Amino acid sequence: MSFKAIEWMGDKLRLVDQRLIPAEEVYLELKNHHQVAEAISNMTVRGAPAIGVAAAYGIALGSIEIKTSDNKSFLKELNDIIDLMAATRPTAVNLFSTTERMKRIAASGKDAAIVRQDIIDEAISIHNEEEASSEAISRFGAELVEDNSGVLTHCNTGPLATAGYGTALGVIIRAYRQGKHLHVFATETRPRCQGARLTAWELKQANVPFTLITDSMAGYVLHRGEIGCVIVGADRIAANGDTANKIGTYTLAVLAKESGVPFYVAAPTSTIDASIKSGEEIIIEQRSPEEVTHINGVRITPEGVKVINPAFDVTPNQYITAIITEKGIIRQPFEEGIKSIP
Ligand code: MRU
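Now for a look at the structure at hand. Just so you know, these numbers come straight off a predicted model, no measurement behind them. Along each chain, numbering runs from 1 in the same order as the chain's sequence is written. Residue-level local features of this predicted model are given only where pLDDT is at least 70; pairs of side-chain atoms are given and counted only at 80 or more, and the full residue set underlies all totals for whole chains, interfaces and linings. The basis for the side-chain values is all heavy atoms of the structure; hydrogens and waters are excluded.

Section: the overall build of the protein
Moving on, step 1. Strands here mean DSSP runs of E at least two residues long; helices mean DSSP runs of H or I at least four residues long; both are numbered from the N terminus. A count of helices and strands for the protein gives 12 helices and 16 strands.
Moving on, step 2. Taken over C-alpha atoms, the radius of gyration is set against a globule rule of 2.2 Å times the number of residues to the power 0.38. Relative to its length of 342 residues, the protein is compact, with a C-alpha radius of gyration of 20 Å against a globular reference of 20 Å.
Moving on, step 3. Projected onto its principal axes, the C-alpha coordinates of the protein cover approximately 65 × 50 × 40 Å.
Moving on, step 4. The 342 residues of the protein split such that 55% are buried.
Moving on, step 5. Put simply, 74% of the contacts in the protein that link residues at least 6 apart link residues at least 24 apart.
Moving on, step 6. Note on areas: Shrake-Rupley, 1.4 Å probe, and residue coverage restricted to the protein chains presented here. If you sum the accessible surface of the protein, you get close to 14400 Å²; carbon and sulfur atoms cover 52% of it.
Moving on, step 7. In the protein, which carries 34 positive and 42 negative side-chain charges, the distance between the mean positions of the two groups comes to 1 Å. Between buried and exposed lies partly exposed: a residue is buried under 20% and exposed over 50% of the maximum accessible area for its type, with that area taken using a 1.4 Å probe on protein chains only. Contacts are assigned to residue pairs with any non-hydrogen atoms lying within 4.5 Å of each other. His is not counted, nor are the chain ends, whereas Lys and Arg count as positive and Asp and Glu as negative. Charge positions are represented by NZ for Lys, CZ for Arg, CG for Asp and CD for Glu.

So, in structure tokens, the structure goes:
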């Protein structure tokens, strides 16, 4: 894969600005951890695995920035940097798997110089693992996609979102490259339009035939019987398989069930949070009302309207046909399948 959404340059992090695609393909070079934290919060970089990878490199940059040679002060500053990174977005668990891994290194009791090198090595490992995972997910998932079928997907789950091959979109692209005749339906994904901007951009680059629909057209498309399966990504999967993903995913899952269409979640095991029993415990990020009231900075609503803007929803596990991970496909009962992941 030649395109690199996230690239570690040794002393800086190169990121494509996902807020500008497809109008512009701008690469930013972030030189300190504050810039990386800001890039995660403002969604310059987004998508659960990509957030985890960017945070890892942000912490690596932070460890390079620390000037003190005193071990205790070094570890204090490092832990503060890790905490700052953990506060950037609340839902995607990949961020917290990264920060927990980094905390464990900080607590290793080793010398500051060794900890710094271990942090940098860990960030590179996290990136390599996400790349390998999404590649494996695409291979497992492609088996589930039927030839001559329509595939509905939501949000953006390709190389931009994963710093690798892609999860749900990786499955679709792999199935297409295997020679399956597919037609993808990509939802616009309001309010940030990750589907209209990013998935459409990635599908075009991959030459996969697709049709863009607004979110409210999903029922229409599913009812027509042209969809063989729905595949989405995930931001956090609880121990019972309940899955938080981009707002609108739950609606699609219910529609898929009503239409007799399998609903697949494609996600690396780094997105599974076995510490929580169910989706009830997942914190849903609430974003700014302007994302709903404005499009490209232009107000589309009357002044002062009441708005909610939950960035994610939780799909209860009973709507999910299977979870495609890099270690294989998990089916109901998910609790057992998730527990037995090696
Ligand atoms: O708010 P975003 O754009 O970070 O949300 C992204 C999603 O919900 C994706 O579907 C999810 O992270 C899976 S990415 C492989």
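Regarding the sheet that holds strand β10 (residues 263-266)
Moving on, step 1. In this description, strands pair whenever DSSP reports at least two bridges between them. An order of β6-β5-β4-β7-β10-β15-β16 is seen for the 7 strands of this open sheet, with the pairing classed as mixed. Looking at which strands have only one partner, the edges of the open sheet turn out to be β6 (210-213) and β16 (328-331). Each neighbouring strand pair of the sheet contributes to a mean axis angle of 25 degrees, computed without reference to strand direction.
Moving on, step 2. Summarising the sheet, strand β7 (residues 227-232) and β10 pair through 3 bridges and their orientation is parallel. The partner of Ile231 across the bridge, within β10, is Tyr264.
Moving on, step 3. Of the strands in this sheet, β4 (149-153), β7 and β10 touch helix α10 (residues 249-258), which is tilted by about 145 degrees from β10. Working convention: axes come from line fits to C-alpha atoms, limited for helices to the stretch in contact. Angles between N-to-C directions cover 0 to 180 degrees.

A word on empty space enclosed by the protein
Moving on, step 1. Throughout, the protein atoms alone are placed on a 1 Å grid, and a set of points is a cavity if a 1.4 Å probe fits but cannot get out or a pocket if it is open with protein on both sides within 12 Å along at least five of seven lines; lining residues have an atom within 4 Å of a point. Grid points are joined across faces, edges and corners, and a volume is the space filled by probe spheres set on the points. Applying the stated criterion to the full structure yields 3 cavities of 30 Å³ or more.
Moving on, step 2. When its volume is computed, the largest cavity comes out at roughly 160 Å³.
Moving on, step 3. Every residue lining the largest cavity is counted, 20 residues in all, and those nearest its centre are Arg46, Gly47, Ala48, Asn156 and Asp235.
Moving on, step 4. At 3 residues, helix α2 (residues 48-65) tops the list of elements feeding residues into the lining of the largest cavity.
Moving on, step 5. Each residue is assigned to one class: nonpolar for Ala, Val, Leu, Ile, Met, Phe, Trp, Tyr, Cys and Pro, charged for Asp, Glu, Lys and Arg, and polar for all the others, Gly among them. Counted by class, the lining of the largest cavity contains 8 nonpolar, 8 polar and 4 charged residues.
Moving on, step 6. In this structure, the second largest cavity encloses a volume near 50 Å³.
Moving on, step 7. Surrounding the second largest cavity, Met43, Pro191, Arg192, Gln194, Lys246, Ile247, Arg287, Glu291, Asn309, Pro310 and Ala311 form its lining.
Moving on, step 8. Looking at side-chain class alone, the lining of the second largest cavity contains 5 nonpolar, 2 polar and 4 charged residues.

A few points about the packing of aromatic side chains
Moving on, step 1. Each Phe, Tyr or Trp ring, with Trp reduced to its six-membered ring, pairs with another whose centre is within 6.5 Å; inter-plane angles below 30 degrees give stacked pairs, above 60 give edge-to-face pairs, and intermediate values give tilted ones. The tally for this structure, following the rule as stated, stands at 2 aromatic pairs.
Moving on, step 2. A centroid spacing of 5.0 Å and a plane angle of 5 degrees characterise the contact between Trp8 and Tyr57, whose relative ring orientation is stacked. Placement of Trp8 in strand β1 (residues 6-8) and of Tyr57 in helix α2 is noted, with a sequence separation of 49 residues between them.
Moving on, step 3. Taking the relative accessible area as the measure of exposure, Trp8 reaches 17% and is therefore buried.
Moving on, step 4. For a Lys NZ or an Arg CZ to count as sitting over a ring, it must be within 6 Å of the ring centre and within 35 degrees of the ring normal. Between the NZ or CZ atom of Arg174 and the centre of the ring of Tyr165, over which it lies, the distance is 4.9 Å.

The values are spatial; any link to function lies outside them.
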